[in-house]
Amino acid sequence: MAAEVRVLYFGEAQEATGRSEEEFTARDTASLRNQLISRYPDLNRIPFRMALNRTLLKGDSELKKNDIIAILPPFQGG
Amino acid sequence: MKNRYLVRGPITPILISELMTLGNDDAGAGAVSIFIGKVRDDATDGKRVTAIEYSAYEEMAAKEAEEVIKTVRSAFSDVRSVIMVHSLGVVKAGEASLFIMVTSGHRDHATRACRHALEMVKERLPVWKKEIF
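Overview of the structure.

## A closer look at the overall build of chain B
In terms of helices and strands, chain B carries three helices and eight strands. In chain B, the order of α-helices and β-strands from amino to carboxyl end is β-α-β-β-β-β-α-β-β-α-β. By the compact-globule yardstick of 14 Å for 133 residues, chain B fits well, its C-alpha radius of gyration being 15 Å. Across its three principal directions, the C-alpha atoms of chain B cover 50 × 25 × 25 Å. The buried share among the 133 residues of chain B stands at 48%. Restricting the contact set of chain B to residue pairs at least 6 apart, pairs at least 24 apart contribute 79%.

In structure tokens form, the structure reads like this:
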């Protein structure tokens with residue numbers, strides 16, 4: 001079932017979307033990714049990964065209500 | 001600041017000297033290895049970087065920093081403490097933005113663990129930069 005989730009944008013993803021966070025409704029991360037790219041085509045240029053509730057995702061995952069998904073461009077610390 | 005791994009602005013010489021005292025009560029630590037990363041004044045398209053503005057996913061950064069420390073400690077058994085701090089916000093060229101300190105009984109694990117921690121920080125810490133010209 002589709003769930004309401006909170007999406008956080010970081011780094012270049014903030015510039016590509018013009019915002020730092022928003023709500024989405026999605027069944028899983030694959031569906032969320034498709035929605036993100038279709039709403040913000042500029043995100044396609046960024047090889048972003050996603051974190052689910054602060055943990056980096058290795059594959060796709062189902063989503064539950066109130067999950068927090070972070071859109072993470074390549075890290076640049078140091 | 002929400003966590004002890006992130007500090008607003010540059011890592012100043014005063015902060016560095018404070019961080020360096022953290023291992024002082026452990027007389028069994030015969031070796032201390034420190035890495036300090038600084039902002040470089042790189043040139044791109046004829047423009048020179050004057051500063052970098054860092055941002056982070058702060059809650060995840062704290063969790064990842066703790067994971068890095070745990071991994072380093074389990075990989076290098078002689079390690080006695082690991083301290084790491086990354087800057088957030090604006091850091092000018094020439095100023096420090098990353099501090100890593102590892103103490104251990106002897107030199108071998110201090111130097112290797114410090115290098116290992118540095119590579120893991122670069123790979124795992126959710127931090128981003130924006131160059132200012």
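## Some words on helix α2 (residues 29–39) of chain A
Residues and elements named next belong to chain A. Listing the buried residues of α2 in full gives Thr29, Leu32 and Leu36. For α2, the arc enclosing every buried residue in end-on projection is 55°, short of the 170-degree limit, so these residues lie on one face. Turned more than 90 degrees off the buried face of α2, the exposed positions are Asn34 and Ser38. The opening residue of α2 is Asp28, an N-cap whose side-chain oxygen sits 3.3 Å from the backbone nitrogen of Ala30.

## So, the environment of Ala13 of chain A
All names here are of chain A. Inspection of the secondary structure assignment puts Ala13 in helix α1 (residues 12–17). A C-alpha to C-alpha distance of 10.0 Å links Ala13 and Ala70, two positions 57 residues apart in sequence. Ala13 has contacts with Leu43, Ile46, Ile71 and Pro73, leaving out every residue within four places of it along the chain.

## Things to note about the side chain of Ser104 of chain B
All names here are of chain B. Note on placement: Ser104 falls in strand β7 (residues 96–104). The exposure class of Ser104 is buried, given its relative accessible area of 0%. If near-sequence neighbours (up to four positions away) are discounted, Ser104 is found in contact with Gly28, Ala29, Gly30, Ala31, Asp78, Val79, Arg80, His109 and Ala110.

Conventions and cut-offs
- Residues numbered from 1 in each chain as written.
- Chains lettered and ligands numbered in written order.
- Predicted model: local features only at pLDDT ≥ 70, side-chain atom pairs only at ≥ 80, totals over all residues.
- Heavy atoms only, no water.
- Helix = DSSP H or I, 4+ residues; strand = E, 2+ residues; numbered from the N terminus.
- Rg over C-alpha atoms; globule rule 2.2 N^0.38 Å.
- Buried < 20%, exposed > 50% of the residue type's maximum accessible area, 1.4 Å probe, protein only.
- Contact = heavy atoms within 4.5 Å.
- Arc of directions from axis to C-beta.
- Polar contact = N/O pair within 3.5 Å; in protein donor to acceptor, adjacent residues only side chain to side chain.

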